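Below are the chains, spelled out letter by letter.
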Amino acid sequence: MKDYYQKDVPILLKLAEHKEVLDGFPTESADSQYDARLIYNQRKPEEVQLKIYYKPSDHLYEKFRSLAKAGVSILDMIQPAVSPHKWVNPEFFEFSENSLIGIQETHYYDHDKKFLILVLQNFCLFENGRYAGDARFRLGDNAISHLAGYIQYGQLGTYDSDDKFIERNENRWTSFGPVEFMLSLNHSYKQGEPKKDFVITRDAELIIRDDSQKIKDLDLLSLGEDLCLMMSLYWEKSIDFFNALLRVNDRENYGTREVFKLSGERNDLSQEFHLKDKYSNIYDFAESIDFDKFQYLRELIREAVPRLISIKHLDDISAFMVLYNIVEKFRNFFLKNPLDGQTFTVKEEYAFIGSEGSINKFIKTKIKEIGEIVEEDDKLEFDSKAFEKVSFIKKTGLIDQFEGFIKYLKLDPGKYNIEFDQLIKVRNLIYHGNPPGRDLSPYNKELKALVYDILLAIIAR
């Protein structure tokens, strides 16, 4: 299989509305049609290239440079060319705001035309014609390293579903909200010499099936992103797609949205992950998740999971602060957003006897008594600032807030082999730039277990 695929996409450049910027060029800058070619990698995430062919007399590269310098969006000027071959050429396409990485000049010719290259990181096009399926996502190598344990390849022969290569396939359709999904290794083979030699090429895919045929393409795309997030949480590494084909069924004659994305997946082929013993495979994990809770907490999970994954590449001090901050973020979120209708509150102050006024007066009197043992040189400053400590004295400690949150999620604080007051002391030392003076790996181990328990507590059925 060739890694790179080329697709011709004739385009219309809307140059006429920018004549004031292009006034100095020798040729008129009218709206014109250009031949273009989309080039992308089918097997791993890379930038997409859009090659635009033009006559040297058009000075197109120089025009693009002038327009970009004037603050004009190059991508806003690009439209699919109106074509009578609507079943062959893309009908329209879209760019996101941050799609354009750069513009490359070339000095090569293809027959009588030069070409420039737009380097893109996000791009999608729409084509007429019905796609045989609902949604299909090409995944990076991080998923392949796990799928090898689900699919067993054998010698050339006749196996499951008449597939001539797969000897064992433990993948299965599994529900995820309104759809079903399954992982797959899309494969092809190349015959060598002698004929008995052949090479199997395998690529990881996520397939989504919508029996209702009513879910729109953008919703299918969102579900694919959610499943990648779920897989990232389970396998404890970044799982992402870089190309997707989505059925578009809210337009005449159906159509296909094809999405190209420069995935930020960091290569990680490790096979060890925290949930390995709890859930034997990704499908068991998916079945344990409450889809509605997952959707409700989607942004919170999307923020936490990449940070949880990142600790594998950090030193102990940085990992500690990341894990601590994740727990703190969860706690603060549920202070404002009750889980399952159950309000979570933090005890802000100790319970005192008497009225607010009498309590404050008593504390101030005691602080004044402490002032009697302060050195004379510091006494004036102490007296001026001492009463500011009234609120501090009334406050409860952070340990109560953390343990209260853990109990709120129906978890047992005693399960974790750490003392929460020590945890907070370590955090404060690091925060103020002091070395913690102890081995943090035991703390990180327990904090990581706590983070996973919190995640499961809020999204599991």
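Residues numbered from 1 in each chain as written. Predicted model: local features only at pLDDT ≥ 70, side-chain atom pairs only at ≥ 80, totals over all residues. Heavy atoms only, no water.

Caption draft 1: Molecular detail of the sheet that holds strand β5 (residues 48–54). As summarised here, the arrangement of the five strands in space is β1-β4-β5-β9-β8, forming an open sheet in which the pairing is antiparallel. Where the open sheet ends on each side, the last strands, each with one partner, are β1 (4–8) and β8 (100–110). The sheet shows a mean angle of 20° between the axes of neighbouring strands, direction not considered. Both β1 and strand β4 (residues 36–41) contribute to a ladder of five bridges, which runs antiparallel. By the bridge assignment, K7 is partnered in β4 with L38. Sitting on the sheet, helix α1 (residues 60–69) is in contact with β5, β8 and β9 (113–120), with an inclination near 165° to β8. (Pairing = 2+ DSSP bridges. Helix = DSSP H or I, 4+ residues; strand = E, 2+ residues; numbered from the N terminus. Axes fitted to C-alpha atoms, helices over the stretch in contact; angles between N-to-C directions. Contact = heavy atoms within 4.5 Å.)

Caption draft 2: Structural view of the environment of C124. Its place among the elements puts C124 in strand β10 (residues 122–128). In the structure, C124 is positioned 32 residues away from F92 in sequence and 8.8 Å away in space, judged by C-alpha atoms. Setting aside chain neighbours within four positions, we find C124 in contact with F93, E94, R257, E258 and V259.

Caption draft 3: Spatial organisation of unusual backbone geometry. Unusually for a residue other than glycine, E236 sits at a positive phi of about 60°. Classification of E236 by relative accessible area gives buried; the value is 2%. Its identity as a non-glycine residue notwithstanding, K410 has a phi of 65°, on the positive side. For K410, the location among the structural elements is in the loop between α11 (398–408) and α12 (420–431). (Buried < 20%, exposed > 50% of the residue type's maximum accessible area, 1.4 Å probe, protein only.)

Caption draft 4: Expanded view of the environment of D316. With respect to the helices, strands and loops of the structure, D316 is situated in helix α7 (residues 316–336). Sequence-wise, D316 and L440 are 124 residues apart; in three dimensions their C-alpha atoms are separated by 6.0 Å. With sequence-adjacent residues up to four places away left out, D316 is seen in contact with D439, L440, S441 and N444.

Caption draft 5: Representation of α7. Over its 21 residues, α7 runs 31 Å from end to end, which matches the ideal 30 Å to within 8%, given 1.5 Å per residue. Between the side-chain oxygen at the start of α7 and the backbone nitrogen of I317 there is a gap of 3.1 Å, and the oxygen is on D315. (Expected span 1.5 Å × (residues − 1). Polar contact = N/O pair within 3.5 Å; in protein donor to acceptor, adjacent residues only side chain to side chain.)

Caption draft 6: Summary view of the packing of aromatic side chains. Considering all chains together, one arrives at 20 aromatic pairs under this definition. Between F334 and F405, the ring centres sit 6.2 Å apart and the planes meet at 25°, which makes this aromatic pair stacked. Here F334, found in helix α7, pairs with F405, found in helix α11; they are 71 residues apart in sequence, far enough to count as distant. Every member of this aromatic cluster is reached through a ring pair, and the members are Y5, Y40, F93, F95, F123 and F260. A cation over a ring is seen here: K51 above F115, with NZ or CZ 4.1 Å from the ring centre. Cation over ring: R209 sits above W173, and NZ or CZ is 3.9 Å from the ring centre. (Phe/Tyr/Trp six-rings, centres within 6.5 Å; stacked < 30°, edge-to-face > 60°. Lys NZ or Arg CZ within 6 Å of the ring centre and 35° of its normal.)

Caption draft 7: Expanded view of helix α3 (residues 217–235). With 19 residues, α3 should reach 27 Å at 1.5 Å per residue; the first-to-last C-alpha distance of 27 Å fits that figure. Among the 19 residues that make up α3, 15 are buried, leaving the element largely enclosed by the rest of the structure. Two residues or fewer after α3 comes E236, characterised by a positive phi angle close to 60°.

Caption draft 8: The arrangement of the pairing of strand β17 (residues 241–248) in detail. Counting buried residues along β17, seven of its eight residues qualify, which places the element largely inside the surrounding structure. Sheet topology places β17 next to strand β18 (residues 255–261); six bridges connect them, and they run antiparallel. Bridge pairing links A244 to V259 in β18.

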